[in-house]
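# Structural overview
Chain by chain, the residues:
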Amino acid sequence: MKITQANFVQSNSEYQKCPVPDKPEYAFIGRSNVGKSSLINSIVQRKDLAKTSQTPGKTQLINHFLINQTWYLVDLPGYGYAKVSKTEREKFGTMIHDYLTNRENLLCTFVLVDIRHEPQKVDMEFMASIANSGIPFYIVFTKADKLSKTQVENHVEVYKTKMLETWEEMPQYFVTSSVKGSGREEILAAIDELNLG
Ligand code: GTP
Ligand code: MG
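Rules used in this analysis
- Residues numbered from 1 in each chain as written.
- Chains lettered and ligands numbered in written order.
- Predicted model: local features only at pLDDT ≥ 70, side-chain atom pairs only at ≥ 80, totals over all residues.
- Helix = DSSP H or I, 4+ residues; strand = E, 2+ residues; numbered from the N terminus.
- Rg over C-alpha atoms; globule rule 2.2 N^0.38 Å.
- Buried ≥ 20, exposed ≤ 12 C-beta atoms within 10 Å, placed from the backbone.
- Contact = placed C-beta atoms within 7 Å.
- Near = placed C-beta within 6 Å.
- Nonpolar A, V, L, I, M, F, W, Y, C, P; charged D, E, K, R; others polar.
- Pairing = 2+ DSSP bridges.
- Core = buried A, V, L, I, M, F, W, Y, C linked by C-beta atoms within 7 Å.
- pLDDT = per-residue confidence, 0-100.
- Axes fitted to C-alpha atoms, helices over the stretch in contact; angles between N-to-C directions.

What follows is about the overall build of the protein. Of regular secondary structure, the protein possesses 5 helices and 7 strands. Listed N to C, the secondary structure of the protein is β-β-α-β-β-α-β-α-β-α-β-α in terms of helices and strands. A compact globule built from 197 residues should have a C-alpha radius of gyration of about 16 Å, and the protein, at 16 Å, falls within 12% of that. The buried share of the protein, reckoned over its 197 residues, is 34%. Taking the intrachain contacts of the protein between residues at least 6 apart in sequence as the baseline, contacts between residues at least 24 apart amount to 72%.

What follows covers the site of ligand 1. Ligand 1 sits among 23 residues. The nearest are Gly35, Ser38, Thr52, Thr59 and Gly78. When residues in the shell around ligand 1 are grouped by element, the largest group, 3 residues, is from helix H1 (residues 36-44). For the shell around ligand 1, the class distribution of residues is 4 nonpolar, 14 polar and 5 charged.

When a strand is regular, its side chains alternate between the sheet's two faces. Burial analysis of strand E3 (residues 62-67) places 5 of its 6 residues in the buried class, the great majority of the element. Direction of pairing for strand E1 (residues 6-12) relative to E3: antiparallel, over a ladder of 6 bridges. Pairing of Phe8 across the sheet is with Phe65, part of E3. As judged from the 5 bridges shared by E3 and strand E4 (residues 71-75), these two strands associate in the antiparallel manner. Within the sheet, the bridge partner assigned to His64 lies in E4 and is Val74. Where E3 folds back onto E4 in an antiparallel hairpin, the turn is made up of 3 residues, including Asn68, whose phi is positive at roughly 50 degrees.

This part covers the nonpolar core. Counting 39 residues, the largest nonpolar core has Phe28, Ile40, Val74, Ile96, Val111, Leu112 and Val140 as its most contacted members. Residues within four places of Ile40 in sequence aside, it is in contact with Phe28, Leu49, Ala50, Phe65, Leu73 and Asp75.

What follows is about the confidence of the model for the protein. Residues at a pLDDT of 70 or more form 99% of the protein, whose mean pLDDT is 94. Here the prediction assigns the complex a pTM of 0.96, and the interface score ipTM is 0.99.

This part is about the sheet that holds strand E5 (residues 106-114). Spatial strand order, E1-E3-E4-E2-E5-E6-E7: 7 strands in an open sheet with mixed pairing. Edge positions in the open sheet fall to E1 and strand E7 (173-175), since each of these has one partner strand only. Here the strands of the sheet are splayed against their neighbours by 25 degrees on average, with no regard to which way each runs. Across 6 bridges, strand E2 (residues 25-30) lies against E5 in parallel orientation. Bridge pairing in E5 links Tyr26 to Cys108.

The backbone of Gln69 shows a phi angle near 60 degrees, a positive value even though the residue is not glycine. Within the element layout of this structure, Gln69 appears in the loop between E3 and E4. Located in the positive-phi region is Lys143, a residue other than glycine, with phi close to 60 degrees. One can find Lys143 in the loop between strand E6 (137-142) and helix H4 (149-163). Judged by the 22 C-beta atoms lying within 10 Å of it, Lys143 falls in the buried class.

Here is the structure:
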């Protein structure tokens, strides 16, 4: 799929105020600083459409981007960041949960995990909880440019092994780098397929 247009629509703290749910929608979700906003920019090939930062906790609202006038890409706050206050964490947690469980046009979520890290409990729990709510998801490994090709393969294998302890199969996954733009074509192809539905 070729991106011809990418427009910021609005930021909201409540799902009820989000744009009318009349187009297919995809949300990027994961721990703070995992690279959600950067991946959105990489996918639409715009440097600064979604705001990014080296400091975790940058994205604090539900941000809608309209792509090619036909579907929405959504940037969400991160979950599970230990250094924000418990109150903040709970606020983001509720915002994300309410959005995910009530947004009727949400076709699929992309759960981002940093390829460098061992499988994290918070991510495993998050995937289990959205699956329980009947929300389909893909796994997206981020920051692949920080490892060698062999290390990437090894880390993916470790992740698969961990997932297979609780899941019947490894969900479909993508290996990405926002710095190199890798993985964007594959993600767009998956979205294209779901859009055609
Ligand atoms: P929050 O909004 O705080 O939840 O974070 P986020 O998940 O949106 O992360 P963001 O895109 O702001 O990126 C966090 C940091 O990681 C920034 O310093 C990015 O430049 C860096 N980063 C993101 N993706 C990549 C990548 O693929 N490769 C490298 N090397 N750095 C990346
Ligand atoms: Mg962000």
